[in-house]
Amino acid sequence: MAGLIERFSHRLPVSPETPVISLEEGSTPLIPAPALSQTIGEDRQVYLKFEGLNPTGSFKDRGMTVAVSKAMEEGSRGLICASTGNTSASAAAYAARAGVPCWVVLPAGKVATGKLAQAIIHGARVIPIDGNFDIALQRVIEISNSEGITLVNSVNPYRIEGQKTVSFEIIDELGHAPDSHFLPVGNAGNITAAWRGYSEELESNRIPIPPRMMGCQAAGSAPIVSGSVVENPETIATAIRIGNPASWQGALQAVEQSNGTILAVEDEEILAAYHHLASREGVFCEPASAASVAGLLKRFHAGLEICPAGGTIVCTLTGNGLKDPDLAVAGTILPDPVDADLDSLRKAMDLS
Ligand SMILES: *Cc1c(COP(=O)(O)O)cnc(C)c1O
């Protein structure tokens, strides 16, 4: 399957002159979730848009292919970002592909090497600075302006453009728009982008009505829900641990125009959804990704409107479970060995 730019060139800000830097991102599976559908009942069908199967393991690749292709078209010297997570991993991979350097600037002391391993293996240059995250972001903005290096943090407008393609794929696959679309919200770029995709489909009469956009923030970092910046955001779902979302207005617009909502889910609810997805649906996602399913289940159990009977619900799973091995490993208890004879094995297997 071709990459996004090839497949959706007429709907993206590219021209035949744009050099395409692609890792064949997108075309991720829309996986039916029978166990969830059964829980929700009333013949409603739940699907998982598994963005963890993008080349670097998250939806960030959709935006990155467009951002990096445009950067190369504009003669950029390289890429820069302030990110510890999936943005840096994606930027590093696309920089490697484009043959340009990638710098990742971060607050010293707050750098978890595990999370950066992916960026480093793709050859990104990680620079810890003495300063907090806001200063790191400020510096990368300044350097990108003065040095002809492309900033690929979520403020890069091409990222939203690339990310909107997820909605095109969902509509293509279902043959119609879902009734509700649940997704995790951190910087809120993804909900802004998905809504832009649906809005464009609406404008060109490819769908009669768009889905309700249901954004899910972690309770410990839910500025859009509370209406004020969170100074010290906390949640196990690190990819959405954001106290002052860059695309706050975009998220508000998405929920207002689609008659949707932004809700908060507790870490326990996120973890329950994370385990449910892995053990019942066979889909292993990042903790942050499970916020979408946690939000769906929370509204269902609270008796709130989720989707009409017989309708369709899509939950975006933003990243791959292998991104956060520490959490998965922390819950792993290896049992004591048993004798090697068949009877002992049968007993250990609970077959007797
Ligand atoms: C970036 C990211 C998010 C948050 O997306 P926003 O566009 O910042 O709202 C959620 N989950 C994962 C896995 C991510 O990488």
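Residues numbered from 1 in each chain as written. Predicted model: local features only at pLDDT ≥ 70, side-chain atom pairs only at ≥ 80, totals over all residues. Heavy atoms only, no water.

Enquirer: Just checking my understanding: could you explain helix 4 (residues 86-98) for this structure?
Expert: Look at helix 4: 18 Å from first C-alpha to last across 13 residues, which is about the 18 Å you get at 1.5 Å a residue. Of all 13 residues in helix 4, 10 are buried; the element is thus mostly enclosed. All of the buried residues in helix 4 are Asn86, Thr87, Ser88, Ala89, Ser90, Ala91, Ala92, Ala93, Tyr94 and Ala95. Each element contacted by the buried residues of helix 4 is listed here: helix 3 (60-73), strand 3 (79-81), strand 4 (102-107), helix 5 (113-121) and helix 7 (157-163). Taken from the residues just after helix 4, glycine 99 is the one with a positive phi, measuring 75 degrees. (Helix = DSSP H or I, 4+ residues; strand = E, 2+ residues; numbered from the N terminus. Expected span 1.5 Å × (residues − 1). Buried < 20%, exposed > 50% of the residue type's maximum accessible area, 1.4 Å probe, protein only. Contact = heavy atoms within 4.5 Å.)

Enquirer: Can you help me understand the domain arrangement of the protein chain in this one?
Expert: It is common to give the size of an interface as the accessible area lost on bringing the parts into contact. Domain assignment breaks the protein chain into domain 1 (4-57 + 159-329) and domain 2 (60-156). Placing the centre of domain 1 and that of domain 2 at their C-alpha centroids yields a distance of 23 Å. Facing 35 residues of domain 1, the contacting portion of domain 2 comprises 28 residues. Here domain 1 packs against domain 2, burying approximately 2,500 Å² in sum over the two surfaces, 53% of which is carbon and sulfur. When residues of domain 1 are sorted by the area they lose upon contact with domain 2, Ile21, Thr56 and Arg159 head the list and together hold 36% of the total. (Domains from an automatic or database assignment. Buried area = accessible area lost by both parts, 1.4 Å probe.)

Enquirer: Just to check I follow, could you spell out the nonpolar core for this structure?
Expert: Where a protein is soluble and globular, its nonpolar side chains tend to be buried together. Counting residues in each nonpolar core, the largest one holds 32 residues, and the members touching the most others are Leu48, Val293 and Ile313. Elements with a contribution of two residues or more to this core: helix 2 (34-40), strand 2 (45-50), strand 8 (212-218), strand 9 (261-265), helix 12 (267-281), helix 13 (291-301) and strand 10 (312-317). No other element matches helix 13, which puts 5 residues into this core. Among the nonpolar cores identified, the runner-up in size contains 23 residues, and Ile170, Ile191, Ala194 and Ile262 belong to it. (Core = buried A, V, L, I, M, F, W, Y, C linked by side-chain atoms within 4.5 Å.)

Enquirer: What am I meant to see in the site of the ligand here?
Expert: Near the ligand, the surroundings consist of 15 residues, among which Lys60, Asn86, Gly186, Asn187 and Thr318 are the closest. The contact in question runs from an oxygen atom of the ligand to an N or O atom on the backbone of glycine 186, over 2.8 Å. Contacts to the ligand include threonine 318, whose side-chain N or O atom sits 2.7 Å from a nitrogen atom. (Near = heavy atom within 4 Å. Polar contact = N/O pair within 3.5 Å; in protein donor to acceptor, adjacent residues only side chain to side chain.)

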